[in-house]
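Next come the chains, spelled out residue by residue.
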Amino acid sequence: MTPILETRGLVKRFGGVAAIDGVDFRLEPGELRCLIGPNGAGKSTFFKMLTAQYAPTAGQILLDGDDITDEEPSEISRRGVGIKNQVPDVLDGLSVRENIWIAARGRHDTAGADHAVSEILERLNLGPLADRVVGKLSHGHRQWVEFGMVLAINPRLALLDEPTAGMTAEETRRTAELIREMNRSMAIVVVEHDMQFVRTIAHRVTVFDQGRILAEDTMDRIQVHPEVLRIYLGTSGHA
Ligand SMILES: Nc1ncnc2c1ncn2[C@@H]1O[C@H](COP(=O)(O)OP(=O)(O)OP(=O)(O)O)[C@@H](O)[C@H]1O
């Protein structure tokens, strides 16, 4: 089966530092994968190459077998990839409804966008906030608006960087539900620090360390993987 997403020998150097140092990664269609690893492991750099925010120093990125290494973020989005960065990329002066509508309009005519927005507001329980200006919302709610913007393009693949950052425990729980629900219709890659959250959602987990893939397995096995325990206990103290 052709992977929906693949990297071959991916490298990113910053001066003398190889932040990503030859990563071969495969994601099967419909898969949900969490990327974890200690601070400085290279997760964000890897994510930024997948989303065309950084150009790789070497290697290839393939989407459904097509080489997208040199494509712009807008081209990748047109190919059906939804991206949610760590800092919500929302228009603060506009309402929740308007933000999601603008994202939806990229895929639908105006009537279609109206319809998509109503559906998404309901799905995300954002109806009561629909006409609030996004800049006045809590960080957690702003993250949800960005989820709405990802759903609005109905992607085949969603790339989510720390989706629960700044969320309350209840918001995190609902985000886990949402990601599992989204995974029924799309493949998903999630970069996440919150291990409890990763345990809740993950099927397979890829562990990065020092710019390389250290381990790739189910969360159950990853939690007892000696090398993984060593890097976590040696750095953050919690695996
Ligand atoms: N723009 C940059 N310029 C120089 N070095 C960088 C840059 N971005 C990342 N690095 C270095 O690359 C390495 C990997 O960093 P990266 O942020 O990708 O790790 P991370 O796993 O996402 O860490 P965290 O969990 O703290 O976000 C680190 O040594 C970091 O200092």
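These numbers come from a predicted model, not from an experiment.

A. Structural detail: the pairing of strand 9 (residues 204-209). For strand 9, a buried count of five out of six residues is recorded, marking the element as mostly surrounded by other parts of the structure. Two elements, strand 3 (residues 32-36) and strand 9, share four bridges in a ladder whose sense is parallel. Bridge assignment links Cys-34 to a residue of strand 9, and that residue is Val-205. One ladder, built from six bridges, connects strand 9 with strand 10 (residues 212-218); its direction is antiparallel. Bridge pairing in strand 10 links Thr-206 to Glu-216. Between strand 9 and the antiparallel strand that follows it, strand 10, lie two residues; Gln-210 among them carries a positive phi value of about 50°.

B. Fine view of unusual backbone geometry. In this structure, Ala-52 is a non-glycine residue whose phi angle is positive, near 65°. If you trace the backbone, Ala-52 turns up in the loop between helix 1 (43-50) and strand 4 (58-63). Positive phi is not limited to glycine here, since Asp-64 has a value of about 50°. Take Asp-64: it is sitting in the loop between strand 4 and strand 5 (66-67).

C. Region of the structure containing the site of the ligand. Neighbouring residues of the ligand: Phe-14, Ala-19, Pro-38, Asn-39, Gly-40, Ala-41, Gly-42, Lys-43, Ser-44, Thr-45, Tyr-54 and His-193. Between the ligand and the protein, one listed contact pairs an oxygen atom with a backbone N or O atom of Gly-42 at 2.9 Å. Within the side chain of His-193, one N or O atom sits 2.9 Å away from an oxygen atom of the ligand. About the coverage of the ligand: the protein hides 61% of its 630 Å² of free accessible area. At three residues, helix 1 tops the list of elements feeding residues into the shell around the ligand. Here the shell around the ligand is built from residues that sort into five nonpolar, six polar and one charged.

Analysis parameters
Residues numbered from 1 in each chain as written. Predicted model: local features only at pLDDT ≥ 70, side-chain atom pairs only at ≥ 80, totals over all residues. Heavy atoms only, no water. Buried < 20%, exposed > 50% of the residue type's maximum accessible area, 1.4 Å probe, protein only. Helix = DSSP H or I, 4+ residues; strand = E, 2+ residues; numbered from the N terminus. Pairing = 2+ DSSP bridges. Near = heavy atom within 4 Å. Polar contact = N/O pair within 3.5 Å; in protein donor to acceptor, adjacent residues only side chain to side chain. Areas by Shrake-Rupley, 256 points an atom, 1.4 Å probe, with all protein chains shown as cover. Nonpolar A, V, L, I, M, F, W, Y, C, P; charged D, E, K, R; others polar.

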